[in-house]
Amino acid sequence: MDKEKLLQIYEKIEEYQKIIISVHKRPDGDCLGSAFGLKDIIKTTWPEKEVYAVGENVGYLSFLGPVDEIKDNVFKGALVISVDTASEDRIWDQRYSTGDMLIKIDHHIPVHNFGDIDYVDTGRPSCTLIIMDLFNLFNDKLKMSDIGAKALYTGTLTDTGRFKYTGVDGDTFRSVATLYDNGLSTKEVYSNLDVRTDQLTKYKGYFLQHYKKTENGVAYINILPRHVKKFKVSLGEASSLVNELGYFDDCPIWILFAEYEGKIVRARMRSKGPAIDKLANKYDGGGHRLACGANLGTWKRAKLLLKEADLLAKQYKEEL
Ligand code: AMP
């Protein structure tokens, strides 16, 4: 934790009357959790400030609240805080640069730093935990309501795979304890996250019967629009099944390829051994050592990525 930089961020938040928190494209629980958590901390501490969380609403996370819709002129004179976003092109609201000052708060391996202040802590397994570092460091001044506690818990829960992934440590649980001290009730979180529609349940059956494995141990699946249409599920829902491919002893890497509108292919990549972030970087992607995304464009590039991932799996097994 960089206390000096967190102090700079605290001072900027204290200084600005208007603050806009910005999320990445196709935001996940950690991204919206960080945005709504930070918004709640600022609003609860300084009710007179104007604070907005801008971005995209996501159905399964709607229990955290709706994002704010704001006009272009609201950015004028505002402090903009980008959360959970490694590179500028992934920022959902491209008006971010029209604010007065930009702060980046993130936990991904940096692609580029773009803020006037960049706070990147790749040691934290979720961005929400960085928001909690800020909260805990200034706990004599900052306040939080149960709404913020719920958002921060949701982000932490989802990005740590329910406290399972590398990076979870004593600080994680100390921060979560703080959330309970600030009114966290987990019932609503689990009742919203632990649901699956009939359609997705049936699609899961299809998914489990159609994955493939490469020679050296990459489990993968190709999701085409016609597959998901048939089961009446969205690509987002279908992609949420990525970790169903993570149970194989002989596959240290697993990848879900999905074709989006305009025949754009994206990959969700996961590993329980070899680092995959450098490979993701080569394919217009990135993320963490063991969890990445990549924008491939075409199925041809997907094949190339799969080949390289297979080589990584092979090298990894040989080194064991
Ligand atoms: P996902 O598979 O979408 O859950 O992404 C896994 C991790 O990689 C997340 O932390 C994402 O923020 C990150 N990520 C996904 N896509 C990209 C991308 N195109 N460029 C950089 N990072 C990405």
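Note that the structure is a prediction, hence the values are computed from the model and not measured.

Chemist: How should the side chain of T178 be read in this particular structure?
Modeler: Tracing the sequence through the fold places T178 in helix α5 (residues 170-181). Beyond its immediate chain neighbours, meaning those up to four positions away, T178 contacts F135 and N136.

Chemist: What exactly am I supposed to notice about the site of the ligand here?
Modeler: Around the ligand lies a shell of 13 residues, among which H108, R268, R270, G286 and H288 are the nearest. One of the side-chain N or O atoms of R268 is found 2.7 Å from an oxygen atom in the ligand. The fraction of the free accessible surface of the ligand (480 Å²) that becomes covered by protein chains is 86%. Among the elements of the structure, β9 (264-271), β10 (285-287) and β11 (291-297) are those that each provide at least two residues to the shell around the ligand. The element that contributes the greatest number of residues to the shell around the ligand is β11, accounting for four residues. Residue composition of the shell around the ligand, by class: two nonpolar, seven polar and four charged.

Chemist: Is there a simple way to explain the domain arrangement of the protein chain in this structure?
Modeler: How big an interface is tends to be reported as the loss of accessible area on association of its parts. Each domain of the protein chain was delimited in the assignment, giving domain 1 (3-193) and domain 2 (198-319). Taking only C-alpha atoms, the centre of domain 1 and the centre of domain 2 are 28 Å apart. Residue-level contacts link six residues of domain 1 with nine residues of domain 2. Carbon and sulfur atoms supply 47% of the area that domain 1 and domain 2 bury against each other, a total of about 600 Å² over both sides. By the criterion of area lost to domain 2, the three top residues of domain 1 are R26, H108 and I109, representing 62% of everything that side buries. Run the count over domain 1 and domain 2 and you get zero salt bridges. Across the domain 1-domain 2 interface, the total number found is three residue pairs in polar contact (both at pLDDT 80 or more). In terms of residue class, the side of domain 1 that touches domain 2 is built from two nonpolar, three polar and one charged.

Chemist: I tried to follow the sheet that holds strand β7 (residues 218-223) on my own but got confused; where do I start?
Modeler: Note on sheets: strands pair through backbone hydrogen bonds, and any given pair is parallel or antiparallel. With mixed pairing, the six strands of this open sheet are ordered in space as β6-β7-β8-β9-β11-β10. At either end of the open sheet lies a strand with only one pairing partner, and these are β6 (212-213) and β10. As paired elements, β10 and β11 share three bridges and run antiparallel to each other. When the sheet's bridge partners are listed, G286 is paired in β11 with G293. Here helix α7 (residues 198-210) sits on the sheet and contacts β6, β7 and β8 (253-260); the angle it forms with β7, its principal contact strand, is near 130°.

Chemist: Sorry if this is basic, but what is going on with the packing of helix α3 (residues 127-137) against α5 here?
Modeler: Two packed helices can be described by the angle between their axes and the distance between those axes. It is the contact of α3 with α5, at a shortest axis distance of 10 Å, that shows an interaxial angle of 70°. Taken as axis vectors, α3 and α5 run roughly perpendicular relative to one another. Crossing hand, α3 versus α5: left-handed. From α3, L129, M132, F135 and N136 reach across to α5, where they touch T172, S175, T178 and L179. The class makeup of the residues in the contact of α3 with α5 is four nonpolar, four polar and no charged.

So, how was this worked out
Residues numbered from 1 in each chain as written. Predicted model: local features only at pLDDT ≥ 70, side-chain atom pairs only at ≥ 80, totals over all residues. Heavy atoms only, no water. Helix = DSSP H or I, 4+ residues; strand = E, 2+ residues; numbered from the N terminus. Contact = heavy atoms within 4.5 Å. Near = heavy atom within 4 Å. Polar contact = N/O pair within 3.5 Å; in protein donor to acceptor, adjacent residues only side chain to side chain. Areas by Shrake-Rupley, 256 points an atom, 1.4 Å probe, with all protein chains shown as cover. Nonpolar A, V, L, I, M, F, W, Y, C, P; charged D, E, K, R; others polar. Domains from an automatic or database assignment. Buried area = accessible area lost by both parts, 1.4 Å probe. Salt bridge = Lys/Arg side-chain N within 4 Å of Asp/Glu carboxyl O. Pairing = 2+ DSSP bridges. Axes fitted to C-alpha atoms, helices over the stretch in contact; angles between N-to-C directions. Parallel < 35°, antiparallel > 145°, perpendicular 65-115°, else oblique. Left-handed = near helix turned anticlockwise from the far one by under 90°.

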